[in-house]
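Topology and contacts: notes
Given next are the chains, with one letter for each unit.
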Amino acid sequence: MTTSTRGAKAPAVLVLEDGRIFRGRAYGAVGVTFGEAVFSTGMTGYQETLTDPSYHRQVVVMTAPHVGNTGVNDEDPESGRIWVSGYVVRDPARVPSNWRSRRSLDEELDRQGVVGISGIDTRALTRHLRERGAMRVGIFSGDSLPDEGAMLAEVRKAPEMTGADLSAEVATKEPYVVPAIGEKKFTVAAVDLGIKGMTPHRMAERGIEVHVLPATATADDVYAVNPDGVFFSNGPGDPATADGPVAVMQEVLRRRTPLFGICFGNQILGRALGFGTYKLKYGHRGINQPVQDRTTGKVEVTAHNHGFAVDAPLDKVSDTPFGRAEVSHVCLNDDVVEGLQLLDQPAFSVQYHPEAAAGPHDAAYLFDRFVSLMEAERA
């Protein structure tokens, strides 16, 4: 629930489900919002973060203290709207300064009805979430606020992220095509579970015509476009609820079509192979996560946004219904599975974001690896 009146000086309160409270000032729209409190360590790229559908139903805490310095432009959004349910910053820019800026971040949040809070100790909040884990949160702002007990009761009534089935809420409702840039070399069917705009663009740069399909797409829908490869995107929610996409991926694996998955797509591949998934304590979100490609030994600095992970063994090759599989990438901070690959057919996935919007470009080669799989299959 929001109002359309900006309230940079209106009081605001952030209430965590364990009872901790932070008081600050309204930022963006004035009103009430709920979600899962998570933190992002990115020092830049806030516009891409806000418009990433994977952040649906999450209240994002920015660990960098200064946010909004470059304003908002019309070129960098990853989708058609802001998806975060709330936004938390310490010291927002008073005046944006960038030649591409069209409006301030405060104005854009208000325009899209996103309730935020500023002026709180985001370092203390981040440390709290690291110690206690991601949890439900509410932001309340305006001149007339409920008492603390009433606010806490509202937060505890909000839905949890565990068990949330959200992909269909953020995915496209109708198929669309992103044409290849230059000569068309391949056709890819991309199942949209919350896809970022840069992802089909990265494939288009490599001569791929991308047919983006709804999250509810069936195997018949996928193969109706006569694809050379199939892609499963990032997205929000609990992968344990994604039975439909898992069934579609299993059919793709049965047909041995080259397959690539990112983030939620990695968790879908894990489930399709028979591995479990689990919720991380506070997740990986930001653009500075070290990951090792175990197939080459190379260490990459990567962009992440995930609160769930695949439960697969790091120390052995696993037998699955679709052949041998192994963990191809691992996070060097905590040994979380960051990638899977099949050894007997052309299928692989990563948990992080090689499209790097925003973030480092160390992992862009993964799109080339997908192209190589399709080239080999065609040959």
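About the criteria used
- Residues numbered from 1 in each chain as written.
- Predicted model: local features only at pLDDT ≥ 70, side-chain atom pairs only at ≥ 80, totals over all residues.
- Heavy atoms only, no water.
- Core = buried A, V, L, I, M, F, W, Y, C linked by side-chain atoms within 4.5 Å.
- Buried < 20%, exposed > 50% of the residue type's maximum accessible area, 1.4 Å probe, protein only.
- Contact = heavy atoms within 4.5 Å.
- Helix = DSSP H or I, 4+ residues; strand = E, 2+ residues; numbered from the N terminus.
- Polar contact = N/O pair within 3.5 Å; in protein donor to acceptor, adjacent residues only side chain to side chain.
- Patch = residues over 30% accessible without salt bridge, like charges linked within 9 Å, V, L, I, M, F, W, Y side chains within 5 Å.
- Areas by Shrake-Rupley, 256 points an atom, 1.4 Å probe, with all protein chains shown as cover.
- Salt bridge = Lys/Arg side-chain N within 4 Å of Asp/Glu carboxyl O.
- Lys, Arg positive; Asp, Glu negative; His and termini not counted.
- Charge placed at Lys NZ, Arg CZ, Asp CG, Glu CD.

Looking now at the nonpolar core. Note on soluble globular proteins: their nonpolar side chains tend to be buried together. By size, the foremost hydrophobic cluster in this structure holds 33 residues, and its most contacted members are V222, F232, M249, L253 and L273. In this structure, L273 is in contact with L253, T320, P321, F322, A325 and L342, ignoring residues within four places of it in sequence. I208, V212, Y352 and F367 belong to the second-largest nonpolar core, a separate cluster that totals 24 residues.

All right, on to the environment of L129 then. If you trace the backbone, L129 turns up in helix 3 (residues 122–132). Taking the C-alpha atoms as reference points, L129 and Y282, 153 residues apart in sequence, are found 6.7 Å from one another.

In this section: the side chain of T33. One can find T33 in strand 3 (residues 21–40). Here S85 takes part through its backbone oxygen, which lies 2.5 Å from a polar atom of the side chain of T33. Once you skip the residues sitting within four places of it in the chain, T33 turns out to touch S85, G86, V115, V137, G138 and I139.

Taken together, the side chains of R123, R127, R130 and K281 present a region of like positive charge at the surface. Looking at the positive patch element by element, the count peaks at 3 residues for helix 3. By secondary structure assignment, the location of R123 is in helix 3. With a relative accessible area of 62%, R123 lands in the exposed category.

Judged by how many residues are buried, helix 9 (residues 264–273) sits mostly within the fold: 9 of 10 residues are covered. Considered for burial, the residues of helix 9 that qualify are F264, G265, N266, Q267, I268, L269, G270, A272 and L273. One or two steps after helix 9, the chain reaches G274, where phi turns positive at roughly 105°.

A few words now on the pattern of salt bridges. Taken as a whole and assessed by the stated rule, the structure comprises 23 salt bridges. Across the pair R271 and D243 runs a salt bridge whose closest N-O atoms are separated by 2.8 Å. Placement of R271 in helix 9 and of D243 in helix 8 (residues 243–255) is noted, with a sequence separation of 28 residues between them. Residue E251 is joined to R254 by a salt bridge in which the shortest nitrogen-to-oxygen separation is 3.1 Å. Highlighted residues: E251 and R254, both in helix 8, separated by 3 residues, approximately one helical turn. Through salt bridges with shared partners, one network takes in D74, R103, E108 and R111.

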